[in-house]
Amino acid sequence: MSMPFYVAPEQMMKDRADFARKGIARGRSLVAVVCPTGILICAENPSNTLHKVSEIYDRIGFAGVGKFNEFDQLRIAGIRHADLKGFAYSREDVEARSLANAYAQMLGQIFTHEMKPMEVEILVAEVGRDREGDELYHILYDGTVVDERRFVVLGGEAETISGRVAEGYDSELTVPAAIRLAVAALAGPDRMLRGDDLEVALLERDAARRAFRRLEGSEVDAALDR
Amino acid sequence: MLPFFSPDRDPGPDFAVLARNAGLLAAAPAGPVDHLGVTHATTVVAFRIAGGVVMAGDRRATAGHLISHRDMEKVYPADRYSGVAIAGAAGPAMEMVRLFQLQLEHYEKVEGRSLSLEGKANQLAGMVRGHLPMAMQGLAVVPLFAGYDLARAQGRLFQYDVTGGRYEETNYAATGSGSIFASTVVKLGYREDLSADDAVDLALSALFQAADEDSATGGPDPVRGIYPIVATIDASGFTRVDDAHVAARFEAMLPTLSAATGAPAPSVGKGIR
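Residues numbered from 1 in each chain as written. Chains lettered and ligands numbered in written order. Predicted model: local features only at pLDDT ≥ 70, side-chain atom pairs only at ≥ 80, totals over all residues. Heavy atoms only, no water.

Comments concerning the nonpolar core
A:Leu123, A:Ile179 and A:Leu198 are the most contacted members of the largest nonpolar core, which has 55 residues in total. The dominant element in this core, judged by the number of residues it contributes, is helix α5 (residues 175-187) of chain A, at 10 residues. Each residue touching A:Leu123, except ones within four places of it in the same chain, is listed here: A:Ala32, A:Ile41, A:Gly61, A:Phe62, A:Ala63, A:Leu136, A:Tyr137, A:Val152 and A:Leu154. The next biggest cluster of nonpolar side chains, apart from the first, holds 31 residues, and it includes B:Leu104, B:Met127, B:Val128 and B:Phe145. (Core = buried A, V, L, I, M, F, W, Y, C linked by side-chain atoms within 4.5 Å. Buried < 20%, exposed > 50% of the residue type's maximum accessible area, 1.4 Å probe, protein only. Helix = DSSP H or I, 4+ residues; strand = E, 2+ residues; numbered from the N terminus. Contact = heavy atoms within 4.5 Å.)

Next comes the structure, spelled out in structure tokens:
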């Protein structure tokens, strides 16, 4: 019987992280921006049917980048988690924070114990009744949770895109202005993105119950003035 | 912990399976529970109008000969384009509504699109069928389901029996202890072209007559300001008719109702002389 080669834990973690990052970098990025009307989530996604952004619960939205089947599995698990919790307790007891923790546990567990880590980065966003109530949790492939305030960028080119969003960000952005900012940041200086290339959704602050609303391509194009 | 499943055990968009696995659904009692003073809810009606449906229910809940609640709600939105109204054992009925509402929402979120109206009606039939062991111990629940069918652009309504039998009705349906009286009133007053206000009036008079004959059905209660719940479902979705509007329609109906009994019109509220 042959002895397995010894691999230092540092090396193993690094290899796994590199693998996950490479997978994530192959997909397109997405941006979420907090504005007075709510939280706008804008993803570069040429498909009309395979969603990157979706509804989890009354005031909670989900977005993912990377490998579709993996983040979609996480999305459905999140809906199940939220609906079960709301059914067992009450609707107001369903919170983004606890969901983000559950995701982090899951991703951390998979990162260290499974054959391969998940090649995804996800966002759990909860829109509050006021700005102080907004929560944005950016969760990485290894279970790291980052709590963001004004905006968040997910995906391979996150740093570059973040820089572009930070330059144009203003806390009083209207929804069309937020769309323009997000789209310009995703596109960069050399590309043009249209409504068809994008998936845009809004978590509306003033919604009575279900705050998640998808914006149609035409609405996005109107905001982009085309 | 996150509910994660291997592909062969995945429950798909079915919330009831998840809830059952999580131990959140009650099992049927081992024996009859009639003697425990179970709260019952009674009369609800639904009928089709041009471009949609109207649903209405009285507000009384009884336990044996006692009135246990005067302002119970028996008409609920099931989702944006449909509603469910309940009669029978109140506790299990409200639980069934809660599960049904969540079942529809869960499906919509997981699948990214709503069930068809037919699919929703079948889901409810399955739930009533699954409830049969409870019904056999004296906890029967018999709902009405109505909604606006986006594909056909018309209102549709469904009646059930205790075994989960699902019967689509063309014009009107009623369930609960006063349903025989309520459905007769609707039957006699029904026209396909009822205006919105006429539809509210018809629903109110159906429930009034049911309350007049059946002790388990509550009539309008001007003393406490409690009136039947009336809702319309059409292309714009489920809308509950404002309580004040229902009260005003009822007051306007009083002279007619009194005249039918041969008594002088009572003076209730400000609008009546």
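Looking at the interface of chain B and chain A
With 23 residues of chain B at the contact, the number on the chain A side is 27 residues. Taken over both partners, the interface formed by chain B and chain A buries close to 2200 Å², and the fraction arising from carbon and sulfur atoms is 65%. Contact with chain A buries area across many residues of chain B, yet B:Leu2, B:Phe4 and B:Lys109 alone supply 34% of it, more than any other trio. The tally of links between chain B and chain A comes to 5 salt bridges. The closest approach of N and O atoms between B:Lys109 and A:Asp83, which form a salt bridge, is 3.0 Å. The interface formed by chain B and chain A contains 11 residue pairs in polar contact (both at pLDDT 80 or more). Of all the elements in the fold, those that place two or more residues in the side of chain B that touches chain A are α1 (15-21) and α2 (90-111) of chain B. Looking at the side of chain B that touches chain A element by element, the count peaks at 9 residues for α2(B). Looking at side-chain class alone, the side of chain B that touches chain A contains 15 nonpolar, 2 polar and 6 charged residues. (Buried area = accessible area lost by both parts, 1.4 Å probe. Salt bridge = Lys/Arg side-chain N within 4 Å of Asp/Glu carboxyl O. Polar contact = N/O pair within 3.5 Å; in protein donor to acceptor, adjacent residues only side chain to side chain. Nonpolar A, V, L, I, M, F, W, Y, C, P; charged D, E, K, R; others polar.)

Some points on the sheet that holds strand β8 (residues 88-89) of chain B
Strand order in the open sheet formed by 4 strands is β5-β4-β1-β8 (chain B), with antiparallel pairing between adjacent strands. The open sheet has two edge strands, β5 (66-69) and β8 of chain B, and neither has a second partner. (Pairing = 2+ DSSP bridges.)

Things to note about the pattern of salt bridges
Inspection of every chain in the model, using the stated rule, returns 38 salt bridges over all chains. Its salt-bridge partner being B:Glu105, residue A:Arg91 comes within 3.0 Å of it at the nearest N-O pair. Placement of the pair is A:Arg91 in the loop between α2 (68-88) and α3 (96-113) and B:Glu105 in helix α2, with the two residues belonging to separate chains. Its relative accessible area of 4% is what places B:Glu105 among the buried residues.

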